[in-house]
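A closer look at the structure
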Amino acid sequence: KILASRGYDTIEKIQKFLSPKITDLHDPFLLKNMDIVTEKIKKALETKKKVLIFGDYDVDGISATAILYRFFASHGLVPQYFLPNRYEDGYGLTIETAQKVIDLYSPELIITVDCGISCYKEVDYLMSKGIDVVVTDHHEIPEILPSCPIINAKMLGQEYPFRELCGAGVALKIVQALGENLEEYLPICAIATIADIVSLTDENRAIVTCGLKLYDKLPKGVKMLIKEQKLKSVSSSEIAFRVAPKINASGRMGDATVSLRLYISDNPQVLKENLEKLNEMNTRRQELCTTIYDEAIKMLEKENQNDRRAIILYSTNWDSGLLGIVSARLTDEFNKPSFLFSEVDGLLKGSVRSIPNINIHDILSKTSTLLETFGGHSMAAGLTLKKENLAKFTYEIENYLLKDFDKKDFVAVKEYDVQLESEQINMNLVDELECLEPCGCGNPK
């Protein structure tokens with residue numbers, strides 16, 4: 001009944017859902033440009049090109065970088081990598097970071113992972129310097145695309161049957177297309193797929209189920225990190241709530257390479273040092289998040305929240321890298337969109353988290369004339385604006401939320417799948433519910 005209520009309404013669909021296998025992975029060559037990209041990679045290996053992997057500082061970006069790094073290294077070509085520092089470099093590929101990697105590494109081929117789909121100017125700049133570029137990403141498709149080979153499951157005009165791969169999922173498809181045995185890559189991709197909150201259905205369900213079963217194949221450093229957590233089981237919820245935030249801590253505190261080394265190094269001393277460093281970063285992150293949260297609650301107590309449709313707060317003391325975590329906590333608690341801002345280089349830099357029935361990206365699009373930059377999706381976004389525009393921005397947001405949404409949209413609703421009779425509640429049911437794992441986005445617990 002539960003499966004039928006979730007759309008698995010034939011014997012075939014139910015069997016496929018309950019028994020995901022590696023063979024459920026789709027043909028990678030159905031992804032547009034996969035043939036071009038695999039040829040470029042084969043050529044780079046043959047000619048020993050200088051390859052640079054340009055990643056992102058979250059779990060997905062770190063994992064995607066690790067997958068391609070380990071692939072190249074296992075074929076005798078050790079690539080360079082660059083994960084932006086969120087404080088010094090900002091998010092993704094910019095003209096400044098493009099120049100930085102040219103100066104540091106003189107690459108001949110740059111492959112972006114988990115970023116790059118919106119960076120047509122930056123890609124043109126790199127190509128004008130004689131550098132070959134490949135973009136691999138999973139974010140929404142913008143109006144103008146980079147003029148280089150792109151692999152993204154969301155691209156129009158391709159036969160690929162599944163849109164919801166994360167960045168590491170796209171990297172995994174490249175390795176699959178290159179004919180590799182996926183056993184050592186699947187568990188890395190499973191962690192990223194859980195952490196990036198993409199739908200745990202279809203191909204992602206197969207990646208996570210098979211990846212978690214291959215736990216022993218994880219890189220040594222990641223296994224050390226997980227062992228430290230003393231998990232009851234290596235399940236999707238344990239990864240989501242206990243492992244992923246820790247891997248994320250390095251990027252939030254300014255140096256994601258600390259986590260990446262746990263994926264790519266085999267040197268016991270290097271692993272020990274980086275694990276200690278990551279633990280320190282995580283403790284510091286937790287302390288700072290608690291401080292921001294406590295200060296935010298104090299600010300809220302001074303205002304009547306009953307009349308407000310959104311939480312919009314600002315402090316010069318807050319660390320911009322941590323606002324998303326606290327914003328998510330406030331949204332969860334008050335069931336309304338939460339915008340938190342701190343001051344960076346004279347601008348207000350903010351994070352927003354929303355509730356399921358309010359598409360925050362659409363609302364930000366309506367206020368875009370007041371913003372310097374913004375980007376994200378329906379539930380989460382980042383934005384910057386001038387300090388003098390904050391009052392007007394607050395007014396506009398409240399106005400849209402009052403005008404376009406009803407009071408009941410701000411009432412938290414929990415949905416259930418089926419109604420049980422008391423005699424159906426027994427240990428047999430509990431055991432059967434385990435078959436629905438891995439649970440998460442798209443397949444709630």
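If you're wondering where the values come from, they're calculated on a predicted model, not measured in any experiment.

1. Some thoughts on the overall build of the protein
Scanning the protein from N- to C-terminus turns up 17 helices and ten strands. Its C-alpha atoms give the protein a radius of gyration of 22 Å, near enough to 22 Å, the size a compact globule of 445 residues would have. Residues counted as buried form 52% of the 445 residues belonging to the protein. When contacts within the protein are restricted to residue pairs at least 6 apart in sequence, long-range pairs at least 24 apart make up 66% of them. Surface exposure of the protein reaches about 21,400 Å², of which carbon and sulfur atoms provide 51%. Each charge sign in the protein was given a centre, from 53 positive and 65 negative side chains, and these centres are 2 Å apart.

2. So, the side chain of S351
Within the fold, S351 resides in strand β8 (residues 347–353). Excluding residues that lie within four positions of it along the chain, S351 makes contacts with L323, G324, S327, S338, F339, L340, A381 and L383.

3. Digging into the pairing of strand β9 (residues 373–376)
Here β9 pairs with strand β10 (residues 380–386) via four bridges, running antiparallel. In the sheet register, G375 faces β10, and the bridge partner there is G382. Counting the residues that bridge the hairpin from β9 to β10 gives three residues.

4. Things to note about the pattern of salt bridges
One pass over the full model with this rule turns up 21 salt bridges. For D417, the salt bridge is made with R6, and the minimal N-O distance between the two is 2.8 Å. Here the residue D417 occupies a position in the loop between α16 (390–404) and α17 (427–433), and R6 occupies one in the loop between α1 (2–5) and α2 (11–18), the gap between them amounting to 411 residues. Of the charged contacts, one joins R284 and E287 as a salt bridge, the two residues approaching to 3.7 Å between their closest N and O atoms. Residue R284 and its partner E287 are both found in helix α13 (residues 268–301); the two are separated by three residues, about one turn of the helix. When salt bridges with common partners are traced through the structure, they connect E140, R163 and E164 into a single cluster.

5. Notes on the pairing of β10
Across the seven residues of β10, five count as buried, placing the element largely inside the fold. Looking at chain direction, β8 and β10 are connected through seven bridges and run antiparallel. When the bridges of β10 are listed, K349 appears paired with T384.

6. Re the packing of aromatic side chains
Scanning the model with the defined rule gives seven aromatic pairs in all. Taken together, a centroid distance of 6.5 Å and an interplanar angle of 75° make the contact between Y57 and Y91 edge-to-face. Placement of Y57 in the loop between β1 (51–54) and α4 (59–74) and of Y91 in the loop between β2 (80–82) and α5 (95–105) is noted, with a sequence separation of 34 residues between them. According to the relative accessible area criterion, Y57 is buried, its value standing at 11%. Each member of the aromatic cluster is reached from another via a ring pair, and the members are F339, F341 and F393. Over the face of the ring belonging to F17 we find R205, whose NZ or CZ atom lies 3.6 Å from the ring centre.

7. A look at the side chain of Q229
When you line up the elements, Q229 lands in the loop between α10 (220–228) and α11 (236–252). For Q229, the residues in contact, after removing those within four places along its chain, are R242, V243 and K246.

8. Brief notes about the nonpolar core
Core analysis: the biggest nonpolar cluster contains 75 residues, and I41, F72, I191 and Y263 have the highest contact counts within it. Element by element, the count of residues in this core is highest for α4, at nine residues. Of all hydrophobic cores here, the second largest spans 22 residues; its members include I312, F341, I360 and I397.

9. Topic: the packing of helix α8 (residues 186–195) against helix α9 (residues 202–213)
Packing of α8 against α9 brings their axes to within 8 Å, and their N-to-C directions diverge by 125°. As far as their axial angle goes, α9 and α8 are oblique. For the pair α8 and α9, the crossing hand works out as left-handed. Contact residues: L186, P187, C189, A190, T193 and I194 in α8; N204, I207, V208, C210, G211 and L212 in α9.

10. Examining α9
Between its first and last C-alpha, α9 extends 17 Å over twelve residues, near the 16 Å set by a 1.5 Å rise per residue. Counting buried residues along α9, ten of its twelve residues qualify, which places the element largely inside the surrounding structure. Restricting attention to buried positions, one finds in α9 the residues E203, N204, R205, A206, I207, V208, T209, C210, G211 and L212. Turning to α9, the residues buried within the fold contact α2, α7 (167–177), α8 and α11.

11. What about the sheet that holds strand β5 (residues 150–151)?
Whether parallel or antiparallel, the strands of a sheet pair through hydrogen bonds between backbone atoms. Read across the open sheet, the five strands follow the order β2-β1-β3-β4-β5; overall the sheet is parallel. The open sheet terminates on both sides in strands that have one partner only, identified here as β2 and β5. Along the sheet, α4 contacts β1, β2 and β3 (109–112); its crossing angle with β1, the most-contacted strand, is approximately 165°.

12. A look at the sheet that holds β9
Strand order in the open sheet formed by five strands is β6-β7-β8-β10-β9, and the pairing between neighbours is mixed. The sheet is open, and its two borders are formed by β6 (311–314) and β9, each paired with just one other strand. Taking each pair of neighbouring strands and ignoring which way they run, the sheet shows an average axis angle of 15°.

What counts, and where the lines are drawn
- Residues numbered from 1 in each chain as written.
- Predicted model: local features only at pLDDT ≥ 70, side-chain atom pairs only at ≥ 80, totals over all residues.
- Heavy atoms only, no water.
- Helix = DSSP H or I, 4+ residues; strand = E, 2+ residues; numbered from the N terminus.
- Rg over C-alpha atoms; globule rule 2.2 N^0.38 Å.
- Buried < 20%, exposed > 50% of the residue type's maximum accessible area, 1.4 Å probe, protein only.
- Contact = heavy atoms within 4.5 Å.
- Areas by Shrake-Rupley, 256 points an atom, 1.4 Å probe, with all protein chains shown as cover.
- Lys, Arg positive; Asp, Glu negative; His and termini not counted.
- Charge placed at Lys NZ, Arg CZ, Asp CG, Glu CD.
- Pairing = 2+ DSSP bridges.
- Salt bridge = Lys/Arg side-chain N within 4 Å of Asp/Glu carboxyl O.
- Phe/Tyr/Trp six-rings, centres within 6.5 Å; stacked < 30°, edge-to-face > 60°.
- Lys NZ or Arg CZ within 6 Å of the ring centre and 35° of its normal.
- Core = buried A, V, L, I, M, F, W, Y, C linked by side-chain atoms within 4.5 Å.
- Axes fitted to C-alpha atoms, helices over the stretch in contact; angles between N-to-C directions.
- Parallel < 35°, antiparallel > 145°, perpendicular 65-115°, else oblique.
- Left-handed = near helix turned anticlockwise from the far one by under 90°.
- Expected span 1.5 Å × (residues − 1).

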